[in-house]
Amino acid sequence: MRCKMLTAAAVVMLMMTAGCSTLERVVYRPDINQGNYLVANDVAKIHTGMTQQQVAYTLGTPMMRDPFGSNVWYYIFREEPGHERVRQQTLTLTFDSNGVLTNIDNKPRLTGSEG
């Protein structure tokens with residue numbers, strides 16, 4: 001009788017804790033990476049005065065271009081490692097009407113220790 005009672009209590013306890021977040025770290029969650037993988041060395045090669053072709057050769061095609069016709073390119077990399085917080089790197093490049101790079105906006109700034 002005692003064995004049946006312990007078994008029933010264990011089953012009820014297991015069912016009650018099955019959805020709890022305390023077990024979240026035990027469950028495998030794959031790393032999810034999306035967008036343009038940015039490396040600090042490649043970003044350091046970009047400088048104002050480069051053409052769109054030179055930038056595309058160095059970094060690849062951008063994730064998104066401004067849909068309203070202005071010459072702004074967005075390189076976005078979103079990284080969601082397993083059980084850690086989501087990190088996002090956004091590199092915004094602005095070109096003039098001749099296709100020459102005029103502004104670089106790197107948020108958050110890549111450091112040499114990353115990538």
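Please refer to the structure higher up on the page.
Criteria and thresholds
Residues numbered from 1 in each chain as written. Predicted model: local features only at pLDDT ≥ 70, side-chain atom pairs only at ≥ 80, totals over all residues. Heavy atoms only, no water. Salt bridge = Lys/Arg side-chain N within 4 Å of Asp/Glu carboxyl O. Buried < 20%, exposed > 50% of the residue type's maximum accessible area, 1.4 Å probe, protein only.

(A) Structural context of the pattern of salt bridges. Tallied over the entire structure, the rule returns four salt bridges. Across the pair K45 and D42 runs a salt bridge, and its minimum N-O distance is 3.5 Å. Linking E84 and R87 is a salt bridge whose minimum nitrogen-to-oxygen distance equals 3.5 Å. Relative accessible area serves as the criterion here: at 52%, E84 is assigned to the exposed category. Classification of R87 as partly exposed rests on a relative accessible area of 40%. Salt bridges sharing common partners tie together E79, E84 and R87.

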